[in-house]
Amino acid sequence: MDNEKRKALIAKIKTRLSRPMRYYLDLCTRCGLCYDTCHVFYGIPRKEYSPVGRAEVVRRIYKKYFRPSGRIFPSWGDAKEIDDHAMDELLDAAFSCTGCRRCMIHCPFGIDTPFLLSIAKVLLIENGTAPEELTMLADGAVEKGESISEFKEGYREVIRDLEKEVAKRIGAASPDGLIPLEKKGADILFVGLAGAHSIVNPAIIFNKAGASWTLSWFEAVNFGAFLGDPEKMQRIADRVVKEAIALGVKEVVIVECGTAYRIPKFLLGPLPFKVSSIVEVIHRYLKEGKIKIKEKAVQEALTYHDPCQLGRNAGVYEEPREILQSICADYREMTPNRAFNWCCGGGGGLVALDNEQFRIKSGRAKYDQIVATGAKIVVSACENCIFQLDTIKSGYSMDIEVKSLTELVAENLA
Amino acid sequence: MWDKVYYFIMIPMVYLAVATFVLGLLVKFIIVLSSPKPAGTYAVFPKRPLRFIGAVGEAFIVPVAFRKDKLFWLMIIAFHGAFLLLFLGHLELIREFIFLQIIPHKVFLGAGFVGIVLIVSVLYFLFRRFTSPWREISVPEDYLLLLLLFLTFIFGSHMSLASRYGIAGFDIPLDAYREYLSSLFTRNPAISQGIIASPHYVLVVLHVFFANLFLMLFPFSKMVHSVFIFAAQLIKRK
Amino acid sequence: MADDIKVDVTMDLKGLKCPLPVVKVSQQVKKMQVGQVLVAETTDPGAHADFPAWAKTSGNEIINIVKEGDASKFFIKKLK
């Protein structure tokens, strides 16, 4: 690695030195209380996969260039220079982390390890060694925002097909307008994903509830955030923000996708509309009596996996549980659950990478948890989690069914 | 020659240490406060009520450690509690802090117990780091700081125990320390005769030397956790 | 028109979860020669915007889209 490059990388670190970052970089005592709290470590017990192990990879480099001790006496704090080996370590640390923040609640100081790893991610991007898949997906998403008008017709056409399916499912006479697009003044802008299921099931629920809604042109997921590129993250998020403002909606409802919910809800600052998860909306419709579900329609034992971004990082714990407890007769909790729930291993964009064997291993904690409940159906409310739960299911040859909460509700509407 | 070294440690180095401590922390605060605040909130859920009290409470009670490792928790609480008492005790050695003597009492309420607790807990932290997996995540700083604390405590504790219980012919009375610290505080520094004249002077010098090092390293080491913990806990609750 | 195009590789991406269709296509295209054509069949409505956007940023070309029932076939030509 030449000096020019190193200088450019050091300059990148500077861009991430916000107030919380400085706290997190300085205050770790390496007490080790976090040591075994990462699901990856549970499956692959190596120091590199412990939260402190990951954080130290970043911290050592920071010390080398930003702390007097690292400059004068590097061995004092094990300060390390940026070189190709360090970049490899950063890659392994950052893109084996799902950003679940389970370590954060096991840290006496509350150090946010994924936040620290955002330094690793900007360095990898600058170095040109960030995962290609995520770079490609983020670039595609940004481009879609730039030239959406070119794609509208093709999209509109397939949405018409989906309307027919919705009509069939809810027994409507005409499919027209069952999935509104660009409806000005609608109450809700719903942001789905690329897959048909992520639009059809919510559409059934919205129609049953008689909601005033419209479907977004964009997918909710933010690959810029997974990649760790703050600028792309903002541009991808802005697509929906601008769309919502232009349509004048009161509420933006996000499909089952944890990151897509957390970003507008908590990370963008104040927005002129309310941000809700589809799970919260279903819960609200049930409470208001706008939709009804077949009580205890599911007889088999069922358990719920808290998506980290929806639970620990957004606080939507009780809504999914109340919904599920009314649908199913035998609801079982995983242990631990809620804030302490184990991450399934699918977050952080990891499911987009070529790493299935790694994800099977890092899904070991989740596998053990599911087995302990004895449940036959595992429900979650995040596309990444569902994806990863399917990987765990096939990886460990499990006799379970993995289901999305929205899908389960849509199938059991009274 | 040694007289000069002792003098340097006992007076100029103390001022240097305090200045390094204060300026170091000040610079650190300026750097932190001039760093941008990210938009949005980075809380974890469920959010507990009483943000400030909660943050302070968690910093002092360390429930995370209690859940995970009871012995470690006990040592953390013992160490930090004793450290706080130790700090107060040293303030009491400065006559000017008379508010601490509103209810008159003998200085060093712990009667030597505080020092013992600190030594035991520091040794526990140190030996814990000799075992896996803590050994693998430790860096030299972790051992060296504990060693430094151990050395400071062992000499300090010896001075305190010996003078209180009159052990080993230790002949420096508590008032000699009060005189010395007060003189430093009032910027009219002098090492009291009671200390200089004693054959145990060297022990006092060593204690002060290690304490100086501790103060000088404080802003530049992981010891800033004692300050930043509150800020980090507040972010978790924002 | 679709019949006239010489297809080199065909991929069935039906029912895959987000974001796999685009990832798989991109990985496949990387393995192919310039000028070769890939047909990707997907049921994702999102693909109608995601594939063209990906093609634009990656410098490839979607030469045809054919709808067959729920699924759509994207004819992608590798340009570089």
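Peer 1: Before we go on, may I ask you to explain the overall build of chain B in this structure?
Peer 2: Across its full length, chain B holds 12 helices and zero strands. In chain B, the succession of helices and strands from N to C terminus is α-α-α-α-α-α-α-α-α-α-α-α. The dimensions of chain B, computed from C-alpha atoms along their principal axes, are 60 × 40 × 40 Å. For chain B, buried positions account for 47% of its 238 residues. A sequence separation of at least 24 residues applies to 75% of the contacts in chain B between residues at least 6 apart. Of the roughly 12,400 Å² of accessible surface on chain B, a fraction of 76% belongs to carbon and sulfur atoms. The positive charge centre, built from 21 side chains, and the negative charge centre, built from 11, are 14 Å apart in chain B.

Peer 1: Just checking my understanding: could you explain the interface of chain B and chain A for this structure?
Peer 2: Where interface size is quoted, it is often the accessible area lost as the parts come together. Across the boundary between the two partners, chain B contributes 48 residues, which contact 52 residues of chain A. Counting each side, the surface lost to burial between chain B and chain A is near 4,300 Å², with a carbon and sulfur contribution of 66%. Three residues, Y42, F45 and I137 of chain B, lead the burial of chain B against chain A; their summed loss comes to 16% of the area buried on that side. Joining chain B to chain A, the criterion identifies four salt bridges. Close ionic contact of R30 of chain A with E141 of chain B constitutes a salt bridge, the shortest N to O distance being 3.5 Å. Looking at the side of chain B that touches chain A, the elements with two or more residues in it are α2 (12-34), α4 (63-68), α7 (134-137), α8 (140-165) and α12 (225-236) of chain B. With eight residues, α12 of chain B is the largest single contributor of residues to the side of chain B that touches chain A. Of the residues belonging to the side of chain B that touches chain A, the class tally is 31 nonpolar, six polar and 11 charged.

Peer 1: Would you mind going over the side chain of Q309 of chain A with me for this structure?
Peer 2: All names here are of chain A. Residue placement: Q309 occurs in the loop between β5 (298-305) and α16 (318-327). Polar contacts involving the side chain of Q309 include one to the main-chain carbonyl oxygen of G99, which spans 2.9 Å. Residues contacting Q309, with those up to four places away along its chain left out, are T98, G99, C100, G258, T259, Y261, R262 and A314.

Peer 1: So what exactly am I meant to see when it comes to the confidence of the model for chain C here?
Peer 2: The predicted coordinates should not be examined in detail at positions where pLDDT is low. When pLDDT is averaged along chain C, the result is 90; 96% of the residues meet or exceed 70. Interface confidence for the predicted complex, expressed as ipTM, amounts to 0.93; the pTM equals 0.95.

Peer 1: Mind showing me how you'd approach a nonpolar patch on the surface here?
Peer 2: All names here are of chain B. A surface patch of nonpolar side chains, about 300 Å² in accessible area, is lined by L23, L26 and I30. Examined against the element boundaries, L23 turns out to sit in helix α2. Judged by its relative accessible area of 52%, L23 is exposed.

Peer 1: Where do I start with the nonpolar core in this structure?
Peer 2: The nonpolar side chains of a soluble globular protein tend to be buried with one another. M10, Y180 and I195 of chain B together with F51 and I76 of chain C are the most contacted members of the largest nonpolar core, which totals 235 residues. Element by element, the count of residues in this core is highest for α8 of chain B, at nine residues. Excluding residues that lie within four positions of it along the chain, F51 of chain C makes contacts with L13, P21, V22, V25, A40, T42, I62, F74 and I76 of chain C. By size, the runner-up hydrophobic cluster in this structure holds 13 residues, among which are C344, C382, C385 and I386 of chain A.

Criteria and cut-off values
- Residues numbered from 1 in each chain as written.
- Chains lettered and ligands numbered in written order.
- Predicted model: local features only at pLDDT ≥ 70, side-chain atom pairs only at ≥ 80, totals over all residues.
- Heavy atoms only, no water.
- Helix = DSSP H or I, 4+ residues; strand = E, 2+ residues; numbered from the N terminus.
- Buried < 20%, exposed > 50% of the residue type's maximum accessible area, 1.4 Å probe, protein only.
- Contact = heavy atoms within 4.5 Å.
- Areas by Shrake-Rupley, 256 points an atom, 1.4 Å probe, with all protein chains shown as cover.
- Lys, Arg positive; Asp, Glu negative; His and termini not counted.
- Charge placed at Lys NZ, Arg CZ, Asp CG, Glu CD.
- Buried area = accessible area lost by both parts, 1.4 Å probe.
- Salt bridge = Lys/Arg side-chain N within 4 Å of Asp/Glu carboxyl O.
- Nonpolar A, V, L, I, M, F, W, Y, C, P; charged D, E, K, R; others polar.
- Polar contact = N/O pair within 3.5 Å; in protein donor to acceptor, adjacent residues only side chain to side chain.
- pLDDT = per-residue confidence, 0-100.
- Patch = residues over 30% accessible without salt bridge, like charges linked within 9 Å, V, L, I, M, F, W, Y side chains within 5 Å.
- Core = buried A, V, L, I, M, F, W, Y, C linked by side-chain atoms within 4.5 Å.

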